[in-house]
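# Structural overview for review
In case you want the letters, here they are:
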Amino acid sequence: MDSFHVLTEVLQRPALLAGPERLTGINRTGIFGYFTGTLGAFMFMRLYSAIPPGVMSFMMVFGFVIALNLLLAAVIHLFMEMTDAPGSAHRLFTAFGYSDYLLTLLLPLGFIAKLNYIPPFVCIFLCAGLVVYARVMLIKRVYPVSVNKALLAIALPYAAFMTVCFFGAIYSLAWFVWLLI
Amino acid sequence: MEENNNSNPVPGPQPAPAVSPAPAQPAAGPGQAGTGLWLKVIAVLYVISLFAATTVIYKAEEAKKSKEKKMDMSKFSSLVKSKKDAVAVIPLYGVITQGNSSRSWDKGSQQVARRIKLMADKKEVKAILLDINSPGGSVGAVQEIYTAILRAKRETKKPFIARFGEVSASGGYYVASACDLIVAQPGTITGSIGVIFSVSNFDGLMKKVGMKNEAIKSGKFKDIGSPMRDMTPEERKLLQTLIDDSYAQFVTAVSEGRKMQTDKVKLLADGRIYTGRQALENGLIDKVGDLQDALDAAGDLGKIGRNPRVISENDPLENFMSLIDSKLGLFGSGAMPEALELTPRLEYRWYGR
């Protein structure tokens, strides 16, 4: 089945992402979702010259997105396993690919932002909000959890990252003060 | 006899391995067909917008490289009449100094030049009004703002209007001379076209307290302007050449900005001050009026009509930091040297204020 049909099926029956029945091409369509989402975000950043041009630049961003989502899926799965919610990290990773299709909205929004009708950060927050919402719903499909737990599962990796950055900043400040004194 | 040997049952024929069910492909209903159609439409639109974005980015990169044409997205936005057109107001208050470039909330010439560029680059800004209330300042700082105005005018072709408050003398007038129109109150103090180099002399004070200063230098003019001793006639002559050169730059700027003959400017530029009304009579300003008159004139020049919308770059964080700075400065050690102005400097400044 080609990606269009798979996507149509998944939109009609989202349970396919987590159920025993596995469509042919469901994983491929998930990866394609990562690709198109990353392409939309990449073009948005290129409109603002926020990223270097070229295929290599895009491949690096794509690689980073895949790696980040693998890590997120793994961390969320670990959290779910520790809190007695069975599921599959592989299916979660695939499902996240479907949520990344929403990032393609960044492309038309980027045009509108470049014409100064809306600020660029509004576009980013809007798309990020939609992706987070979609991911919360997808986590609920893959794992038998409540909305709040799904939201917590999404926020945890970022909270951990922020904590590490915070401690790094405090350490740097202390080191700088020590250096001056 | 039947043997009922249950301990070693003979295995029966092995069942055929279960065939995994073929992936489900239910018949497409009308809902699915509709969803599929929508997906295809969105995909086509996405591909089109991808091509459009690539073209826009490519053209923008080409424009940046060649610097011939700039990608002007406003051509698309002008299809819808903008209600956001405005006049930008940039204040220029107090003595003009360079300021601290590392602090964005500082009110120095670098920050003013940055604001001029920022406002001139905004699409909705159709004219820029400089609200000047300054007795002038250091030559370098004044010229920084002056060149920023000229560059912005050259690049954006937008009109600049200067409006004088209580005082706009010397360096304040230098900056205004780059503008297309100058509006002042009849009682505004302006003029003081000239240069000054002032240095304090603490020789007598040091002798009183029994202090001595010695300078070992590589050249005889190395400590020129030193506050620790009297100036020599040679040094005075050298400094006079500096003053004369800076004065010539000032006269040229006024002559070019006001479209006046250099000789006529020199007649007016003996350092005297003028009221706004006198300045109007001798051609140093264009119009007598208040801030509203200046805004109306700016609106007319920017072709957006009288009583235009006004915008000013008013970052709350920068205002807060500037306030903190000014309050802390009352206790700081920088206040005394600043007050005594121990560092000699070349200035376009009127010392009457």
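About the thresholds
- Residues numbered from 1 in each chain as written.
- Chains lettered and ligands numbered in written order.
- Predicted model: local features only at pLDDT ≥ 70, side-chain atom pairs only at ≥ 80, totals over all residues.
- Helix = DSSP H or I, 4+ residues; strand = E, 2+ residues; numbered from the N terminus.
- Buried ≥ 20, exposed ≤ 12 C-beta atoms within 10 Å, placed from the backbone.
- Contact = placed C-beta atoms within 7 Å.
- pLDDT = per-residue confidence, 0-100.
- Nonpolar A, V, L, I, M, F, W, Y, C, P; charged D, E, K, R; others polar.
- Core = buried A, V, L, I, M, F, W, Y, C linked by C-beta atoms within 7 Å.
- Pairing = 2+ DSSP bridges.
- Axes fitted to C-alpha atoms, helices over the stretch in contact; angles between N-to-C directions.
- Expected span 1.5 Å × (residues − 1).
- Parallel < 35°, antiparallel > 145°, perpendicular 65-115°, else oblique.
- Left-handed = near helix turned anticlockwise from the far one by under 90°.

Helix and strand counts for chain A come out as 7 helices and 0 strands. Put simply, chain A runs from its N terminus to its C terminus through helices and strands in the order α-α-α-α-α-α-α. Per-residue burial for chain A yields a buried fraction of 34% across its 181 residues. Contacts spanning at least 24 positions in sequence make up 63% of the contacts within chain A whose residues lie at least 6 apart.

Quick look at the confidence of the model for chain A now. On average, residues of chain A carry a pLDDT of 88, and 99% of them reach 70 or more. The spread of mean pLDDT over the elements of chain A runs between helix α1 (residues 3-12) of chain A, the lowest at 83, and helix α3 (residues 55-82) of chain A, the highest at 92.

Another point: the interface of chain A and chain B. Contacts between the two partners involve 20 residues from chain A, matched on the other side by 18 residues from chain B. Considering each element in turn, the side of chain A that touches chain B owes the most residues, 6 residues, to α1(A). Of the residues that constitute the side of chain A that touches chain B, the class distribution is 9 nonpolar, 7 polar and 4 charged.

For the rest of this paragraph, the subject is the nonpolar core. Nonpolar side chains in soluble globular proteins tend to end up buried together. B:Ile128, B:Leu129, B:Leu130, B:Ile149, B:Ile161, B:Val175 and B:Cys179 are the most contacted members of the largest nonpolar core, which totals 59 residues. A total of 8 residues in this core trace back to one element, the largest contributor, which is helix α4 (residues 139-156) of chain B. Residues contacting B:Ile161, with those up to four places away along its chain left out, are B:Ala127, B:Leu129, B:Cys179, B:Asp180, B:Leu181, B:Val183, B:Ala294, B:Ala297, B:Ala298 and B:Leu301. Counting 40 residues, the second-largest nonpolar core is a separate cluster that includes A:Phe42, A:Leu47, A:Ala95 and A:Cys123.

Residue and element names in this part refer to chain B. Sheet architecture is open: 3 strands sit in the order β3-β11-β7, paired in antiparallel fashion. The open sheet has two edge strands, β3 (136-138) and β7 (196-198), and neither has a second partner. Across the sheet, the mean angle from the axis of one strand to that of its neighbour is 30°, orientation sign disregarded. Across the sheet, α4 is in contact with β3 and β11 (345-349); its angle to β3 comes to roughly 115°.

Our focus in this paragraph is helix α6 (residues 120-142) of chain A. Residue and element names in this part refer to chain A. The end-to-end C-alpha separation of α6 is 33 Å, in line with the 33 Å expected for 23 residues at 1.5 Å each. For α6, the set of buried residues is Cys123, Cys127, Arg135, Val136, Leu138, Ile139 and Val142. Elements in contact with the buried residues of α6: α3, α4 (89-99), α5 (106-114) and α7 (147-180).

Next up on the list: the packing of α6(A) against α7(A). All names here are of chain A. Viewed as axis vectors pointing N to C, α6 and α7 meet at an angle of 120°, and their least axial separation amounts to 9 Å. Taken together, α6 and α7 sit at an angle that is classed as oblique. Both α6 and α7 take part in a crossing whose hand is right-handed. Counted together, Val132, Arg135, Val136, Ile139 and Lys140 of α6 and Val147, Ala150, Leu151, Ala153 and Ile154 of α7 form the full contact between these two elements. Class assignment for the residues of the contact of α6 with α7 results in 8 nonpolar, no polar and 2 charged.

Below, the discussion takes up α4(A). Residues and elements named next belong to chain A. Counted residue by residue, α4 has 9 buried out of 11 residues, so it is predominantly covered. Looking at α4, one finds that the buried residues are Arg91, Leu92, Phe93, Thr94, Ala95, Phe96, Gly97, Tyr98 and Ser99. In this structure, the buried residues of α4 make contact with α1, α2 (26-47), α3 and α6.

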